[in-house]
Amino acid sequence: MGGVVNRILIAEDEPRITSFLEKGLRASGYTTTVVGDGLGAAGLARDIDFDLLILDLGLPGMDGQQVLRTIRTRGERLPVLILTARHGVSDTVAGFEGGADDYVTKPFRFEELLARVRARLRDAGRTELSQLEAGDVLLDLRTRRATVAGRTVELSAREFALAEMFVRHRDQVLSREQLLSHVWGYDFDPGSNIVDVYVGYLRKKLGNARIETVRGVGYRLT
Ligand code: CA
């Protein structure tokens, strides 16, 4: 994670607060994007890869609760830190049920918010290990879901295991024997052409050009 600049989306409609947040977070080394309405926030969270969403509950158009529900319904695990008025405690409880990770009540000191932001990003960094990436191929090891260029691709358990092997060893040539033993087990008939058959399936799903045949040796994800 060293050297990675975390991108934070701030969904808040009060200019006084957004400017306070932007200044402080930028000075702390984060990249910030501000959006002043709920619909815009839900759209940006879908289209851009943010590391954290700071979400005000009282937003025009679509309120913070609806934004959160929309994001979670889409299955995105973007960490969400809610900003709520001190009198909105019942909203806050509902926020956690709707999939928020933490909350800060207004008014807040910047240091207080920064501590929450850092804690959330640390947590997210740990769960990042459950996702593998190679170019635009992304594998979520927990949900066993694969996406290519942002589009979900249906993989069988065996195909997913094979894809995982390739992604973990991107740019390396993997022999049929290596693939066979890792994905099918050591007791599988080494004379079988099952690896080639499944590489064919994966090519159809991930795109032909992504898995290269290295003649006489094996396959490589590029
Ligand atoms: Ca507001």
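Residues numbered from 1 in each chain as written. Predicted model: local features only at pLDDT ≥ 70, side-chain atom pairs only at ≥ 80, totals over all residues. Heavy atoms only, no water.

Here 5 strands make up an open sheet; going across it, the order is 2-1-3-4-5 and the pairing parallel. This sheet does not close on itself; its edge strands, each paired only once, are strand 2 (31–35) and strand 5 (102–106). Within this sheet the neighbouring strands show an average axis-to-axis angle of 20°, counted without direction. Judged from the 5 bridges that link them, strand 4 (residues 80–85) and strand 5 form a sheet pairing that is parallel. When the bridges of strand 5 are listed, Ile 82 appears paired with Tyr 103. (Pairing = 2+ DSSP bridges. Helix = DSSP H or I, 4+ residues; strand = E, 2+ residues; numbered from the N terminus. Axes fitted to C-alpha atoms, helices over the stretch in contact; angles between N-to-C directions.)

Bringing the nonpolar core into the picture now. Counting residues in hydrophobic clusters, the biggest one holds 29 residues, and the most contacted among them are Leu 139, Leu 162, Phe 166, Leu 179, Trp 184, Val 195 and Leu 202. Listing elements by their share of this core, those giving two or more residues are strand 6 (131–134), strand 7 (137–140), strand 8 (145–148), helix 6 (157–168), helix 7 (176–184), helix 8 (194–206) and strand 12 (218–221). With residues near it in sequence (within four places) discarded, Leu 162 still touches Leu 179, Val 183, Trp 184, Tyr 198, Val 199 and Leu 202. Core analysis: the next-biggest nonpolar cluster, separate from the first, contains 19 residues, Val 35, Val 67, Val 80 and Ile 82 among them. (Core = buried A, V, L, I, M, F, W, Y, C linked by side-chain atoms within 4.5 Å. Buried < 20%, exposed > 50% of the residue type's maximum accessible area, 1.4 Å probe, protein only. Contact = heavy atoms within 4.5 Å.)

Once that is clear, we can look at the pattern of salt bridges. What the rule picks out here adds up to 16 salt bridges. Residue Glu 12 is joined to Lys 106 by a salt bridge in which the shortest nitrogen-to-oxygen separation is 3.0 Å. Taken together, the residues span a long stretch of sequence, with Glu 12 in the loop between strand 1 (7–11) and helix 1 (15–27) and Lys 106 in strand 5 at a distance of 94 residues. When sorted by exposure, Glu 12 lands in the same class as Lys 106, which is buried. Between Glu 164 and Arg 144 there is a salt bridge, with the nearest N and O atoms lying 3.8 Å from each other. With Glu 164 in helix 6 and Arg 144 in the loop between strand 7 and strand 8, the pair connects residues that are 20 residues apart, well separated along the chain. Connected through shared salt-bridge partners, Glu 12, Glu 14, Arg 16, Asp 56 and Lys 106 make up one network. (Salt bridge = Lys/Arg side-chain N within 4 Å of Asp/Glu carboxyl O.)

All right, on to the environment of Arg 46 then. Topologically, Arg 46 is positioned in helix 2 (residues 38–47). The class for Arg 46 is partly exposed, based on a relative accessible area of 49%. Residues Arg 46 and Arg 74, spaced 28 residues apart in sequence, show a C-alpha to C-alpha distance of 8.6 Å. Dropping the residues within four chain positions of it, Arg 46 is found in contact with Arg 74 and Glu 76. Separated by 2.9 Å, the side chains of Arg 46 and Asp 47 make a polar contact. (Polar contact = N/O pair within 3.5 Å; in protein donor to acceptor, adjacent residues only side chain to side chain.)

Moving on to the sheet that holds strand 11 (residues 211–214). Sheet strands associate in pairs through backbone hydrogen bonding, adopting either a parallel or an antiparallel arrangement. Read across the sheet, 3 strands follow the order 10-12-11 without closing on themselves; strand pairing throughout is antiparallel. Looking at which strands have only one partner, the edges of the open sheet turn out to be strand 10 (173–175) and strand 11. Strand-to-strand twist in this sheet, taken as the mean axis angle between neighbours without regard to direction, amounts to 35°. Two elements, strand 11 and strand 12, share 4 bridges in a ladder whose sense is antiparallel. Within strand 12, the residue paired with Thr 213 across the bridge is Tyr 219. Across the sheet, helix 7 touches strand 10 and strand 12, and the angle it forms with strand 10 is around 70°. Across the sheet, helix 8 lies against strand 11 and strand 12, angled at about 145° from strand 11, the strand it touches most.

Bringing the packing of aromatic side chains into the picture now. Applying the stated rule across the entire model yields 3 aromatic pairs. With a centroid separation of 5.9 Å and 45° between ring planes, the pair formed by Phe 20 and Phe 108 is classed as tilted. Within this pair, whereas Phe 20 is found in helix 1, its partner Phe 108 is found in the loop between strand 5 and helix 5 (110–127), the two being separated by 88 residues in sequence. The exposure class of Phe 20 is partly exposed, given its relative accessible area of 36%. Take Phe 108: its relative accessible area is 12%, and that puts it in the buried class. (Phe/Tyr/Trp six-rings, centres within 6.5 Å; stacked < 30°, edge-to-face > 60°.)

Purely geometric stuff here, so don't read any function into it on its own.
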